[in-house]
Structures are given as structure tokens and as C-alpha cells.
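# Chain and residue survey
Now for the letters of each chain:
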Amino acid sequence: MSKSLSFDALSQWQQIAFSAALLERMLPNYKLFSEATEFGEFSVLRNQLDTVWQWLDKNNRCKINYEAQLTKLEPQIPEPESFDFFGVYPALDTCMAMVSLLQIMQDKTSDGCFNVSKLSENSVVKYVELMLSQDMDEEAISDEDIDSHPLMQWELETQQELFNYISIAQENKKSCVHAKSLVLEEGLSNLGIEI
């Protein structure tokens, strides 16, 4: 789908900030799923992401017990087989992205940043496929159909813009605030859901 962004060029701090910003766009999808199905506690993921942003502020750095965070996250992860509802897939992608984000924080050589990028993209691909399948009946949906969809274009542009900013950003709170505002300025999740 996307031309790959070169995450190896980013410092660990930059990778974490990039991933946290993408998660801000994914989190509303989990919230909607959780409210619709009464599964999971959205506040667990929200608090974890808030803790990551706090950790990124070097002047106010908090200690994070990764084992404890992963243990809290586990019961929030939905099993797709248990739900007859499309929303389970973006919710699952959000949880897996959070796992990947916590991995980058522990190991700067992990593929966590790439995984978060792909999970965000994957949520959009699945959603676009769903929308196109409703419009196109039995016609096969091509990669081109997906790539040219405005929601997919927006996802790729947002990731590119965020990457361009993060790759030159100073490692401070101001950069975190700007990265967040960059991805949230439209007031929509990566699936176009109002936040």
C-alpha cells in the first residue's frame, strides 16, 4: 500500500512519539467499539497513552512498569471470533499498536514503529474494503481501488506529514504537543470517525 517510511532513521524517542501520535488517531475506534459492545475498558488504553506522552516529556519523565502495563492491556484485547461486528478489527489493531508501542519503549531495535504504522494503515484498508464492498456488490476490489480511496490517501498523507515533522523534531514536550495537534486537527480518527 504505502511507500515505506524509513523508521531506522528515527531515534527511539522519535519512534515512540510517531507511534503515540498515530495511536491518538486509532484510540477513538476502540472507544466506539467498547461502547457499542460493552467490552473492554477504554480508560486503560487512554491512561497508557497519556503515560507514554508523559514519558516523552524528558523534564517530567515517569517510570513505566512495562510488565504491569501489558498485564492491564491483555484483558482489553478483543477476540474477533467473539464479535459479529466490524468494529472489532480496528479495536484489535489499536490494542496491538499499543503492545508495539510498549515494545519500542523497552527495545529500540524492535520493529514496533513499523508495526504501529502498518496497524493504523491496516484498519483503514479493512474499513475501505468494507465500504467498497457495499458499493460494488460482487466486483473484486483491487489494490488500486483501495489506494485511491480518499480515506486511504488521507492515512498515507497523515503518516508522511507526521514522519516529516517527527524526523526533525526536538525531543521535548513542545514537539509532543505539536505532533498530537498535527494528527488531531481534523477531529477525526483514522477511519473518519468524529472524536
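In this convention, every chain numbers its residues from 1, walking through the sequence in written order. Totals for whole chains, interfaces and linings use every residue, but because this is a predicted model, local features are given only for residues with pLDDT of at least 70 and side-chain atom pairs only at 80 or more, for both listing and counting. Hydrogens and water are ignored here; the side-chain numbers use all heavy atoms of the structure.

## Comments concerning the nonpolar core
Using the following cut-off: For the purposes of this section, nonpolar cores are sets of buried Ala, Val, Leu, Ile, Met, Phe, Trp, Tyr and Cys residues that join through side-chain atoms within 4.5 Å. Each residue's exposure class comes from its accessible area (1.4 Å probe, protein chains only) as a fraction of the maximum for that residue type: buried when under 20%, exposed when over 50%, partly exposed otherwise. Where helices and strands are cited, they refer to DSSP runs of H or I of at least four residues and of E of at least two residues respectively, numbered from the N terminus. By definition, residues are in contact when any of their heavy atoms lie within 4.5 Å.
Within the largest apolar cluster, 48 residues are counted, with the highest numbers of intra-cluster contacts made by Phe18, Leu56, Leu101 and Leu162. Listed by contribution, the elements that provide at least two residues to this core are α1 (12-37), α2 (42-56), α3 (66-73), α4 (88-106), α5 (112-136), α7 (150-166) and α8 (173-184). Counting residues per element, this core draws most heavily on α1, which supplies twelve residues. Dropping the residues within four chain positions of it, Leu56 is found in contact with Trp13, Ile16, Ala17, Ala20, Arg61 and Cys176.

## Structural notes on the environment of Trp154
Looking at where Trp154 falls in the secondary structure, it is placed in helix α7. Sequence spacing of Trp154 and Val124 is 30 residues, and the spatial spacing of their C-alpha atoms is 9.8 Å. Leave out the neighbours within four places in its chain, and Trp154 touches Arg25, Glu186, Leu188, Ser189, Asn190 and Gly192.

## Some points on the state of the cysteines
Defined as follows: For the purposes of this analysis, a disulfide is any pair of cysteine sulfur atoms at a distance within 2.5 Å.
What the rule picks out here adds up to zero disulfides. No disulfide involves Cys62; its sulfur sits 11 Å from the nearest other cysteine sulfur, which is in Cys176.

## With respect to the side chain of Ser19
In this structure, Ser19 sits in helix α1. Judged by its relative accessible area of 0%, Ser19 is buried. What Ser19 contacts, discounting residues up to four positions off in sequence, is Leu101, Ile104, Cys113 and Val116.

The quantities given are spatial measurements derived from coordinates; they are silent on function.
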